[in-house]
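Geometric and topological summary
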Amino acid sequence: MSTPAPGPSVLFVCVHNAGRSQMAAAFLTHLAGAKVEVRSAGSAPAGTVNPAVVEAMKEVGIDISAETPKVLTVEAVQASDVVITMGCGDTCPVFPGKRYLDWQLEDPAGQGVASVRPIRDEIERRIRGLLMELDG
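Below is a summary of the structure that appears in this document. (Residues numbered from 1 in each chain as written. Predicted model: local features only at pLDDT ≥ 70, side-chain atom pairs only at ≥ 80, totals over all residues. Heavy atoms only, no water.)

Proximity of charged atoms lets side chains of opposite charge pair with each other. Per the counting criterion, the structure on display carries eleven salt bridges. The residue Asp 107 makes a salt bridge to Arg 20 at a minimum N-O spacing of 3.7 Å. Here Arg 20 lies in helix H1 (residues 20-32) and Asp 107 lies in the loop between strand S4 (99-102) and helix H4 (113-135), a separation of 87 residues in the sequence. On the basis of relative accessibility, which here comes to 6%, the residue Arg 20 falls in the buried class. Where salt bridges share partners, they join Glu 59, Arg 117, Arg 120 and Asp 121 into one cluster. (Salt bridge = Lys/Arg side-chain N within 4 Å of Asp/Glu carboxyl O. Helix = DSSP H or I, 4+ residues; strand = E, 2+ residues; numbered from the N terminus. Buried < 20%, exposed > 50% of the residue type's maximum accessible area, 1.4 Å probe, protein only.)

As structure tokens, this is what we get:
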């Protein structure tokens, strides 16, 4: 019996890797489990994940308090099938054969939990749609 091929890999990129990309990676990991390899990174990573983002995710039962922002590398992009940018513009390297999506989402930086909730909910909606495409 052969082992199934590994599933797709998805990379989420935003500038600081402290908000949107962390939420997206957490939702995809939570909803897809081991079916999808998930990465997140930032073109100019912050020192820590946004506390309001951590709190907003905790409200939906996902703990990202142990996550740390990571720097975007060419290797991470090359190793991913789908690259989803969230406001990092031209700083993300482009390689042939990759699928690129740009999700225009409000930046949660400097905002409280009440302002982060609608961003979180929109990210979850988009992740569920992405999962249906990946499964399809």
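Attention now moves to H4. Here H4 spans 32 Å end to end across 23 residues, near enough to the 33 Å set by a 1.5 Å rise per residue. For H4, the set of buried residues is Val 116, Ile 119, Arg 120, Ile 123, Glu 124, Ile 127, Leu 130 and Leu 131. In this fold, the buried residues of H4 make contact with strand S1 (9-14), H1, helix H2 (51-59), strand S3 (82-85) and S4. (Expected span 1.5 Å × (residues − 1). Contact = heavy atoms within 4.5 Å.)

We now examine the side chain of Arg 120. Its location among the elements puts Arg 120 in helix H4. In contact with Arg 120, other than residues within four places in its own chain, are Met 23, Phe 27, Ala 56, Met 57, Glu 59 and Val 60.

This part takes up the pairing of S1. Summarising burial for S1: six of the six residues are buried, a large majority. Burial along S1 is two-sided: Ser 9, Leu 11 and Val 13 facing one way and Val 10, Phe 12 and Cys 14 facing the other are all buried. Across six bridges, the pairing between S1 and strand S2 (residues 37-42) is parallel. Following the sheet pairing, Leu 11 is matched in S2 by Arg 39. Remark: the S1/H1/S2 crossover connection has right-handed handedness. Bridge analysis of S1 against S3 gives four bridges, and the strand direction is parallel. (Pairing = 2+ DSSP bridges. Right-handed = clockwise from strand over helix to strand, strands pointing away.)

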